[in-house]
Amino acid sequence: MTIFAWMVGLLVLLTLLWVTTELSLRQEEERVRSYTRHQAISLTNSYATQLTFLTEQMNQILLGIQARWQDTPNFLDLARDRKRGLFPDRDEFFIFVLDRQGRIIQSSGIPNQWHVFFRDSYFDAHKAHCCEGLLVTTKNLGPHIDDKVVYFSRRLSHLDDSFGGVAVISVRPDFLATFQDEPLRNTHDFVSVRLTSGPLLATRMRAENNQKQAFYTRYPEFSGSQGVRLESAEKFWDKKARYVAWRKLKDYPLVTLAGLAEEDALAGYQVLARHYRLTATTASVLFLIFAAVGMWFSERLAVRRRAEENVRSTYRMATDAANEGFYMLRPVFSNDGLLVDFHIEDCNDRAALLIGSTRTRLTGRLASEAMQHKLHEDLIEICRRALQSGMYEDEFRVPSQGGLDANWVYRRAVHSGAGIALTLRDISELKAHEQTLADLANKDVLTLLPNRRWLSGFLPEAVQRAQHNHSRLAIFFIDLDNFKLVNDTLGHHAGDELLTQAANRICHAVRASDHVVRLGGDEFTVVLENIASNRDIARVAKSIIHTLSDPFTLSAGAGNRVSASIGISVYPDDGQDADTLLKHADVAMYAAKAEGKARHHFYDPKLSDAILLRLSKERALRQAIDNDEFVIYYQPRVTTRTGRICSLEALLRWHHPELGLVHPLDFIDVAEDAGLIISIGNQVMEKVAIQLNDWRSRGLRVVPVSVNISPYQLQSGTTAAFVEKVVKQYQLPTDWLEVEVTESAVVDRSMVVSSELDALRKQGVRLMIDDFGAGYSSLAQLHRLDVDVLKVDQAFTRALAEGSEGEIVYRAVISMAIALDMQVVAEGVETLAQLNLLKKIGCHEIQGYIISPALPANEIELLLQKTIMPPFDQMTQLAIV
């Protein structure tokens with residue numbers, strides 16, 4: 001692809017990218033604006049419907065008063081009607097009747113400061129026979145929106161239609177806003193009602209302390225019975241533009257409004273737009289980098305192709321005459337009769353090409369002048385042999401500085417007369433093909449190390465040599481610890497990279513005479529011949545373990561760690577044949593893993609029984625997963641302030657069909673080694689979610705439950721996604737689940753672990769450090785623990801009773817945790833003395849046998865219903881006494 005084509009392609013891609021981005025954003029903006037308009041219309045229609053119903057009710061009340069006043073004025077008693085429930089019995093709602101002089105003659109109660117009688121404009125308007133229907137007016141009592149009264153009034157007329165007085169309902173503005181029940185989503189949104197002439201009667205906002213800022217600076221005008229429009233920011237006191245929808249009430253001089261702030265409505269769109277444009281900018285930069293690299297490679301490829309074409313032309317010219325290099329040599333002897341050099345009498349083009357020269361330059365010259373020193377010495381040697389025996393031939397592997405343009409050559413020197421005819425033929429391709437066939441059979445394709453097939457042929461011979469020489473021979477069986485985790489989380493390509501680097505490190509850790517073999521997967525074998533003592537063997541094993549413990553730098557990222565478990569068998573102590581030695585080294589390797597990995601172990605006949613027992617436990621664990629044999633016990637955490645349960649810790653138990661209830665300490669290490677911990681951890685998480693959902697469905701009290709997460713689960717990169725799946729599946733609040741991790745997982749974490757913890761935190765899951773102080777973190781590193789809760793190891797709790805030093809350490813932890821906005825939980829609290837001291841120094845929560853041991857779900861339900869847990873109830877009674 002030419003540079004011009006790259007530039008055109010880049011321009012097209014960037015144009016498509018930005019046009020698509022801006023079109024998408026424009027469509028999204030229009031969708032948001034359309035949705036906001038429809039939402040405003042929906043709000044004002046809803047409010048108008050409710051307000052019409054409310055106004056109609058008040059009109060009916062006034063019509064009823066009007067009819068009874070005309071028919072039986074002496075029996076009109078509004079206070080009695082109020083007690084009978086004929087109209088609302090609310091402080092914001094007040095009814096009174098004025099006679100023709102404007103004096104109050106009937107009322108529904110005693111007027112308060114908001115309903116003090118005012119002979120307002122409505123009285124004069126009715127007296128002047130302004131209207132037959134309902135009249136709505138308002139009276140300002142102060143500078144604020146709530147400092148006003150809204151009057152709904154009707155004229156009272158005698159049978160001769162003369163003016164008899166006015167029936168009035170006075171209400172507070174918030175009475176009119178109370179009936180608006182549609183939610184307002186944003187801070188600056190409002191709904192209000194105005195007179196069609198403009199004055200504001202009532203309004204409601206989400207942030208009520210800012211109501212006056214949402215007012216129009218002047219009375220708005222609305223044409224038509226309903227509509228919606230975007231009002232500019234200058235029309236409001238808070239200078240925020242709004243989509244305003246209005247609807248005028250039929251038969252009443254009222255108009256309802258709903259205003260949705262444009263800024264709030266477009267907030268989500270603005271975030272999306274920034275994200276889209278940032279993504280487009282990043283993509284543009286990547287496209288530019290890709291195009292620049294592509295243009296550079298295109299130019300290099302073009303130059304290389306031109307050079308290769310020139311070489312091919314030269315090669316064709318040189319091989320037209322012959323496929324072999326042919327030299328006619330005349331020996332040159334010293335005074336002692338020794339062959340020291342020879343003249344090149346003649347050669348063909350192919351021969352000249354093999355040593356990087358031309359026929360013209362070579363012919364007639366001494367070989368010592370025309371050839372490299374090493375090539376000159378090799379040719380003198382074969383010519384000397386040809387002079388002695390008449391002919392010499394061999395296949396010769398050319399060293400890196402051998403002076404020939406070939407890797408392998410066939411050499412044939414024939415003594416003819418006074419000279420020597422030397423023939424050289426390039427057999428590099430043939431040898432490469434033979435080597436490829438041999439490699440396919442005996443070499444591992446990935447690491448290029450010898451494979452199991454090669455070992456099956458080599459190891460019996462090595463044992464025979466050791467037997468014949470009465471020497472010792474050691475077999476290392478090496479298994480990479482945690483390799484499966486790297487393979488599963490980063491992919492097979494990263495796993496292959498790691499295996500290749502591990503193979504190189506092992507090769508550099510042993511002697512040149514030792515043999516490193518890849519058996520398959522993450523298993524390697526090292527054969528050490530002529531090794532003197534077990535101390536020397538152990539030294540080599542330690543060297544391999546050390547070099548493999550350093551982080552590996554892979555294309556997926558740096559900081560990837562594995563270790564190695566090495567099993568060792570020694571000839572003749574541990575076996576007399578290759579198969580036995582290899583089998584015993586395998587058994588010893590499992591023993592190394594059982595002792596904690598990253599170590600070596602010599603074979604011992606007693607090991608076989610222990611390995612079989614471990615494998616049996618591993619099989620039982622797999623059956624336990626399939627048969628759902630795991631159960632969850634719960635231990636409560638209690639706040640020191642109230643003594644009430646605030647949370648539970650989920651603790652795993654294995655209900656073994658034969659052994660009964662098995663503690664995690666007896667099987668977790670096997671589960672981690674066998675790669676089963678992730679499946680078990682997922683089962684625990686789902687069982688906890690099911691239990692929380694069950695308690696909720698039965699109306700029981702629910703508190704958050706913390707679940708312990710193994711470092712292997714975090715390193716798998718699947719924990720956060722599984723938690724999110726479980727929360728969605730059972731529709732649980734995310735703050736009902738809490739995660740407990742170890743110090744090491746938070747302080748010394750890889751990119752995968754960091755990503756997992758960040759994802760959990762974004763979901764709203766609280767993070768806790770379990771057994772704080774039992775790992776390798778110090779108080780100086782406490783600020784690096786980006787968590788919500790510290791669960792202090794029970795060893796610190798026990799130390800409280802051993803002197804002031806324990807209290808000082810605890811106070812330091814609590815002080816620093818509070819400064820870092822963390823809560824502190826004391827684990828292993830067992831005595832009242834510990835509890836009293838923890839309350840005194842400000843510990844937030846406690847957990848331990850003084851409250852309760854871990855209990856099954858049906859028993860923990862009873863504790864959850866208690867308002868205060870023992871011994872807090874006794875402490876409270878003592879405090880009262």
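Residues numbered from 1 in each chain as written. Predicted model: local features only at pLDDT ≥ 70, side-chain atom pairs only at ≥ 80, totals over all residues. Heavy atoms only, no water.

## Focus: the overall build of the chain
Scanning the chain from N- to C-terminus turns up 28 helices and 32 strands. Against the 2.2 N^0.38 benchmark of 29 Å for 881 residues, the chain shows a C-alpha radius of gyration of 46 Å, more extended than a compact globule. In terms of overall dimensions, the chain has C-alpha extents of about 160 × 80 × 50 Å along its principal axes. Residue burial in the chain is summarised as follows: out of 881 residues, 47% are buried. Restricting the contact set of the chain to residue pairs at least 6 apart, pairs at least 24 apart contribute 60%. A total of about 44,900 Å² of accessible surface is found on the chain, and carbon and sulfur atoms cover 53% of it. (Helix = DSSP H or I, 4+ residues; strand = E, 2+ residues; numbered from the N terminus. Rg over C-alpha atoms; globule rule 2.2 N^0.38 Å. Buried < 20%, exposed > 50% of the residue type's maximum accessible area, 1.4 Å probe, protein only. Contact = heavy atoms within 4.5 Å. Areas by Shrake-Rupley, 256 points an atom, 1.4 Å probe, with all protein chains shown as cover.)

## Examining the packing of aromatic side chains
Per the stated rule, a full pass over the model turns up 12 aromatic pairs. Centre to centre, the rings of Phe-123 and Phe-163 are 5.6 Å apart; their planes meet at 85°, and the pair counts as edge-to-face. Of this pair, Phe-123 sits in helix α3 (residues 121–127) while Phe-163 sits in strand β5 (residues 163–171); the two residues are 40 residues apart in sequence, bridging distant segments of the chain. Neither residue differs from the other here; Phe-123 and Phe-163 are each classed as buried. Consider the rings of Phe-630 and Trp-654, whose centres lie 6.2 Å apart with planes at 40°: the pair is tilted. You can see Phe-630 sitting in strand β23 (residues 630–639) and its partner Trp-654 sitting in strand β24 (residues 645–656), a full 24 residues away along the chain. As far as the burial class goes, Phe-630 and Trp-654 line up, both buried. Over the face of the ring belonging to Phe-236 we find Arg-242, whose NZ or CZ atom lies 4.7 Å from the ring centre. Over the aromatic face of Phe-552 sits the side chain of Arg-505, whose NZ or CZ is 3.7 Å from the ring centroid. (Phe/Tyr/Trp six-rings, centres within 6.5 Å; stacked < 30°, edge-to-face > 60°. Lys NZ or Arg CZ within 6 Å of the ring centre and 35° of its normal.)

## What to know about the sheet that holds strand β13 (residues 391–397)
Taken in spatial order, the 5 strands of this open sheet run β12-β11-β15-β14-β13, and their pairing is antiparallel. Taken across any chain shown, the strands that pair with only one partner, and hence form the sheet edges, are β12 (339–347) and β13. Each strand of the sheet is rotated relative to its neighbour by a mean of 25°, with strand direction disregarded. Across 7 bridges, the pairing between β13 and strand β14 (residues 408–416) is antiparallel. Looking at the pairing, Phe-396 lines up with Val-409 of β14. (Pairing = 2+ DSSP bridges. Axes fitted to C-alpha atoms, helices over the stretch in contact; angles between N-to-C directions.)

## Description of the pairing of β23
Summarising burial for β23: 9 of the 10 residues are buried, a large majority. One ladder, built from 9 bridges, connects β23 with β24; its direction is antiparallel. From the neighbouring strand, Gln-635 faces β24, where its bridge partner is Glu-649. The hairpin formed by β23 and β24 contains 5 residues between the paired strands, and Gly-643 there has a positive phi angle of roughly 75°. By the bridge criterion, 2 bridges tie β23 to strand β32 (residues 855–856) in an arrangement that is antiparallel. Its bridge partner lying in β32, Tyr-634 is registered against Leu-855. Looking at chain direction, β23 and strand β31 (residues 845–847) are connected through 2 bridges and run antiparallel. Its bridge partner being in β31, Val-638 is matched across the sheet by Ile-846.

## Describing the sheet that holds strand β7 (residues 200–205)
Strand pairs in the sheet, formed through backbone hydrogen bonds, run parallel or antiparallel to each other. Taken in spatial order, the 5 strands make up an open sheet running β7-β6-β10-β9-β8, and their pairing is antiparallel. Pairing within the sheet leaves two strands with one partner each, and these edge strands are β7 and β8 (226–231). Across the sheet, the mean angle separating the axes of adjacent strands is 15° when strand polarity is ignored. Against the sheet, helix α1 (residues 3–71) touches β6 (190–195), β8, β9 (242–248) and β10 (254–261), its axis set at about 150° to β10.

## A short note on the pattern of salt bridges
Counted according to the given criterion, the structure contains 38 salt bridges. In this structure, Glu-738 and Arg-637 form a salt bridge, with 3.5 Å as the shortest nitrogen-oxygen distance. One end of the pair, Glu-738, is in strand β27 (residues 737–741); the other, Arg-637, is in strand β23, with 101 residues separating them in the sequence. Through salt bridges with shared partners, one network takes in Arg-637, Glu-738, Arg-766 and Glu-845. (Salt bridge = Lys/Arg side-chain N within 4 Å of Asp/Glu carboxyl O.)

## Some details on the nonpolar core
Note on soluble globular proteins: their nonpolar side chains tend to be buried together. Ranked by size, the top nonpolar core spans 84 residues in total, and within it Val-688, Leu-790 and Ile-846 carry the most contacts. Of the residues forming this core, the biggest block, 8 residues, is contributed by helix α19 (residues 677–697). If near-sequence neighbours (up to four positions away) are discounted, Ile-846 is found in contact with Pro-636, Arg-637, Val-638, Thr-640, Val-825, Ala-826, Val-829, Leu-835, Leu-838, Ile-851 and Phe-872. Of all hydrophobic cores here, the second largest spans 39 residues; its members include Met-58, Phe-87, Ala-245 and Leu-249. (Core = buried A, V, L, I, M, F, W, Y, C linked by side-chain atoms within 4.5 Å.)

## Considerations on helix α16 (residues 578–594)
Here α16 contains 17 residues, and its C-alpha end-to-end distance of 25 Å stays within 8% of the 24 Å for a straight helix at 1.5 Å per residue. Within α16, burial applies to Ala-578, Leu-581, Leu-582, His-584, Ala-585, Val-587, Ala-588, Met-589, Ala-591, Ala-592 and Lys-593. Looking at where α16 begins, the residue whose side-chain oxygen comes 3.2 Å from the main-chain nitrogen of Asp-579 is Asp-577. Note on α16: the residue one or two positions beyond its end, Gly-596, has a positive phi of about 125°. (Expected span 1.5 Å × (residues − 1). Polar contact = N/O pair within 3.5 Å; in protein donor to acceptor, adjacent residues only side chain to side chain.)

## Regarding the packing of α19 against helix α21 (residues 719–729)
Following both chains from N to C, one finds α19 and α21 inclined at 25°, their axes separated by 10 Å at the closest point. As far as their axial angle goes, α21 and α19 are roughly parallel. You can see that α19 and α21 cross each other, and the crossing is right-handed. Contacts between α19 and α21 pair Asn-682, Met-685, Glu-686 and Ala-689 from the former with Phe-722, Val-723, Val-726 and Gln-729 from the latter. Considered class by class, the residues forming the contact of α19 with α21 number 5 nonpolar, 2 polar and 1 charged. (Parallel < 35°, antiparallel > 145°, perpendicular 65-115°, else oblique. Left-handed = near helix turned anticlockwise from the far one by under 90°. Nonpolar A, V, L, I, M, F, W, Y, C, P; charged D, E, K, R; others polar.)

## Considerations on the packing of helix α14 (residues 492–509) against helix α15 (residues 534–549)
Following both chains from N to C, one finds α14 and α15 inclined at 145°, their axes separated by 9 Å at the closest point. Considering the relative orientation of α14 and α15, their crossing is right-handed. Along its contact with α14, which presents Ala-502, Arg-505, Ile-506 and Ala-509, the element α15 presents Val-540, Ser-543, Ile-544, Thr-547 and Leu-548. Looking at the contact of α14 with α15, its residues break down into 6 nonpolar, 2 polar and 1 charged.

## Some points on the confidence of the model for the chain
Caution is warranted with low-pLDDT regions, since their predicted coordinates should not be read in detail. In this model, the chain carries an average pLDDT of 84, and 90% of its residues clear a pLDDT of 70 or more. Every residue in residues 308–322 is under pLDDT 50, and counting partners more than four places away or in other chains gives 8 contacts. (pLDDT = per-residue confidence, 0-100.)

## A word on unusual backbone geometry
Cis geometry marks the peptide bond from Tyr-571 to Pro-572; its omega dihedral reads 10°. The amide bond that connects Pro-870 to the next residue, Pro-871, takes the cis arrangement and shows omega of 0°. By secondary structure assignment, the location of Pro-871 is in the loop between α27 (857–864) and α28 (872–880). With a phi angle near 80°, Asp-251 is a residue other than glycine that sits in the positive phi range. In this fold, Asp-251 is placed in the loop between β9 and β10. Note on Asp-251: relative accessible area 69%, which makes it exposed. The backbone of Asp-821 sits at a positive phi, close to 60°, despite the residue not being glycine. Its location among the elements puts Asp-821 in the loop between α25 (804–819) and β30 (823–827).

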